[in-house]
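Observations on chain architecture
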Amino acid sequence: NATLARMTREERNNLLRGQHFNLFALGPEPGYYTGTMEGVPRLGVPALKMQDAGNGFRPTDPFERGTSTCWPSMLAMASTWDPALVRRLAGGIGREFRGKGANVILGPSVNVHRVAANGRNFEYLSGEDPHLGAVLTRAYVSGVQEQGVMAVVKHFAFNEQETARMSQNSIADVRTAWELYYPPFQAAVDAG
């Protein structure tokens, strides 16, 4: 609260919204991160430099093309059933992100597969198993964060399909939510 009290109104507002994102192009301006929130250097508040992480660092500047590793998809990682390997891979991803200046990785994606035709299933670390998803999510988040990069679990619970995803209404009772959908998200929180 003391730091917040020392901020100007403009500094507080800048922490609530991103910078350099082109809504018309649906992406960041070239050379900026997918999400950029300017920090407050005079108070020691760092900028947040967030980048997508489907298969690794997503370049936004034409000069960055060809400079990122194409890592195995989350589903390929899940198919190993090996938390130690997932942690090592996540550590490598975190090092690459940090080396490119990002301090936040927008991942892992951990939704449990419920619709076989979901075009984004390859992005999800849980596969069809919430327990496996929880174990591997914990390993992934730990591996990334050990590199000094924050992991942001996504997308959101019950986002298990692409068709009408912006307007669909998923209804699940509390027991189903906690037994099937929430465990990977809870594991991310528990991992720190």
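On a predicted model such as this, the values are computed, not experimentally measured, just so you know. (Residues numbered from 1 in each chain as written. Predicted model: local features only at pLDDT ≥ 70, side-chain atom pairs only at ≥ 80, totals over all residues. Heavy atoms only, no water.)

Another aspect to go through is the overall build of the chain. Scanning the chain from N- to C-terminus turns up 7 helices and 6 strands. Traced from its N-terminal end to its C-terminal end, the chain shows the element sequence α-α-β-β-β-β-α-α-β-α-β-α-α. Since a compact globule built from 192 residues should have a radius of gyration of about 16 Å, the 18 Å found for the chain is in line with a globular shape. When its C-alpha atoms are laid out on the principal axes, the chain stretches across 45 × 40 × 35 Å. Evaluated residue by residue, the chain yields a buried proportion of 43% over its 192 residues. Element-wise, carbon and sulfur atoms account for 56% of the exposed surface of the chain, whose accessible area totals about 10700 Å². Charged side chains of the chain number 19 positive and 18 negative; the gap between the two group centres comes to 6 Å. (Helix = DSSP H or I, 4+ residues; strand = E, 2+ residues; numbered from the N terminus. Rg over C-alpha atoms; globule rule 2.2 N^0.38 Å. Buried < 20%, exposed > 50% of the residue type's maximum accessible area, 1.4 Å probe, protein only. Areas by Shrake-Rupley, 256 points an atom, 1.4 Å probe, with all protein chains shown as cover. Lys, Arg positive; Asp, Glu negative; His and termini not counted. Charge placed at Lys NZ, Arg CZ, Asp CG, Glu CD.)

On to the layout of surface pockets, then. Within this model, the largest pocket holds a volume of roughly 410 Å³. When the residues that make up the lining of the largest pocket are grouped by side-chain class, the tally is 5 nonpolar, 6 polar and 6 charged. (1 Å grid on protein atoms, 1.4 Å probe; cavity = no way out; pocket = protein on both sides within 12 Å on 5 of 7 lines; lining within 4 Å. Points joined across faces, edges and corners; volume = space filled by probe spheres on them. Nonpolar A, V, L, I, M, F, W, Y, C, P; charged D, E, K, R; others polar.)

As defined by bridge partners, strand 3 (residues 35-37) adjoins strand 4 (residues 48-52) across 3 bridges and the pair is classed as antiparallel. Pairing of Thr36 across the sheet is with Lys49, part of strand 4. Bridging between strand 4 and strand 5 (residues 104-106) involves 3 bridges; their strand directions are parallel. Within strand 5, the position partnered with Gln51 by the bridge is Ile105. (Pairing = 2+ DSSP bridges.)

As a further point, take the packing of aromatic side chains. Here the structure, examined in full by the defined rule, presents 5 aromatic pairs. Considering the side-chain rings of Tyr33 and Phe57, the 6.4 Å spacing of their centres and the 90 degrees angle between planes classify their relative orientation as edge-to-face. Of this pair, Tyr33 sits in the loop between strand 2 (27-28) and strand 3 while Phe57 sits in the loop between strand 4 and helix 3 (74-78), and the two are 24 residues apart along the sequence. Here the aromatic rings of Phe158 and Tyr182 are separated by 5.8 Å at their centres, their planes lie at 50 degrees, and the arrangement is tilted. One end of the pair, Phe158, is in the loop between strand 6 (150-151) and helix 6 (174-181); the other, Tyr182, is in the loop between helix 6 and helix 7 (183-191), with 24 residues separating them in the sequence. What makes Tyr182 partly exposed here is its relative accessible area of 24%. Among the aromatic side chains, those forming a connected cluster through ring pairs are Phe158, Trp178, Tyr181 and Tyr182. Over the ring of Phe57 we find Lys100; its NZ or CZ atom is 5.5 Å from the centre of that ring. (Phe/Tyr/Trp six-rings, centres within 6.5 Å; stacked < 30°, edge-to-face > 60°. Lys NZ or Arg CZ within 6 Å of the ring centre and 35° of its normal.)

All we've got here are geometric facts, nothing functional implied.
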